[in-house]
Amino acid sequence: MPDEPSPETVRRAVARGRGAGFDVPEGEASATAERLNRQLAGQNIRVFVSGPTTCTALQLVDAHEARRTRPELETLVADFRGLAHTLTQRFELGTLDENVWWADPHGEHCRFENLETGVVVEAHTHAPDAVDPYFLLRFAQTTGRYPAVLDACVHGFHDMSRLLEMAGVR
């Protein structure tokens, strides 16, 4: 049976851009991740359950980099929300230009993809102001207009979540 990793073991094992996986006792992954996240609070390290008997730790974007990228992040969020509003409204009214935008509604969301540019906007149809870290990252990647934010998202969704959290974006 594997031992649970200590906070010191986790700190030594991770570096920015390089995560670390740890075996944990069966049935203990969630409790281990919660414990380590409490013990490592304030150290830019996040631990999450990555399997029934594994946890993964990542060193996420720090406060300095988050402050540096914040103006661009705010522009990204505003651009995403504006386009999400426009697209969901046009889709609901039946005025979406289907020669430019492909729409794939599913559940509470609709994926819009610009057929000319490849820009992807995954919007909550009833709450287009809602910002999901994964969907926002996908938008940023497909526009290519937010290099500082993309550079800060070494660990993709996890870094984007951290940037939004530090900026107080909901």
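Further up the page is the structure itself.
Caption draft 1: Up close: helix 6 (residues 157–167). Looking at helix 6, one finds that the buried residues are Asp159, Met160, Arg162, Leu163, Leu164 and Ala167. Positive backbone phi, at 75°, marks Gly168, one or two positions downstream of helix 6.

Caption draft 2: Just the sheet that holds strand 4 (residues 101–106), in detail. The sheet built from three strands is open, its strands ordered 4-5-6 with antiparallel pairing. The sheet is open, and its two edges are formed by strand 4 and strand 6 (120–124), each paired on a single side. Within this sheet the neighbouring strands show an average axis-to-axis angle of 20°, counted without direction. Pairing analysis gives five bridges linking strand 5 (residues 109–114) to strand 6, with the strands arranged antiparallel. For Arg111, the partnering residue across the bridge sits in strand 6 and is Glu122.

Caption draft 3: Quick look at the side chain of Asp159. Inspection of the secondary structure puts Asp159 in helix 6. Residue Asp159 is classed as buried on the basis of its relative accessible area of 0%. Among residues more than four places away in sequence, those in contact with Asp159 are Arg16, Leu60, Val61, Ala152, Cys153 and Val154.

Caption draft 4: Highlighting the side chain of Thr56. Relative to the assigned elements, Thr56 resides in strand 3 (residues 54–59). Overall, Thr56 belongs to the buried group, its relative accessible area being 17%. Those residues in contact with Thr56 that lie beyond four places of it in its chain are Ala20, Gly21, Arg46, Val47, Phe48 and Ser50.

Caption draft 5: Summary view of the packing of aromatic side chains. Counted according to the given criterion, the structure contains four aromatic pairs. Relative to Phe112, the ring of Phe91 has its centre 6.0 Å away and its plane inclined at 80°; by these criteria the two rings are edge-to-face. Of this pair, Phe91 sits in helix 3 (residues 63–93) while Phe112 sits in strand 5; the two residues are 21 residues apart in sequence, bridging distant segments of the chain. With a relative accessible area of 32%, Phe91 lands in the partly exposed category. The exposure class of Phe112 is buried, given its relative accessible area of 0%. Between Tyr134 and Phe135 the ring centres are 6.0 Å apart and the planes differ by 70°, which places this aromatic pair in the edge-to-face class. When its relative accessible area of 48% is taken as the criterion, Tyr134 is described as partly exposed. Ring-pair connections join several aromatic residues into one group, and the members of that group are Phe80, Phe139 and Tyr146.

Rules of the game
- Residues numbered from 1 in each chain as written.
- Predicted model: local features only at pLDDT ≥ 70, side-chain atom pairs only at ≥ 80, totals over all residues.
- Heavy atoms only, no water.
- Buried < 20%, exposed > 50% of the residue type's maximum accessible area, 1.4 Å probe, protein only.
- Helix = DSSP H or I, 4+ residues; strand = E, 2+ residues; numbered from the N terminus.
- Pairing = 2+ DSSP bridges.
- Axes fitted to C-alpha atoms, helices over the stretch in contact; angles between N-to-C directions.
- Contact = heavy atoms within 4.5 Å.
- Phe/Tyr/Trp six-rings, centres within 6.5 Å; stacked < 30°, edge-to-face > 60°.

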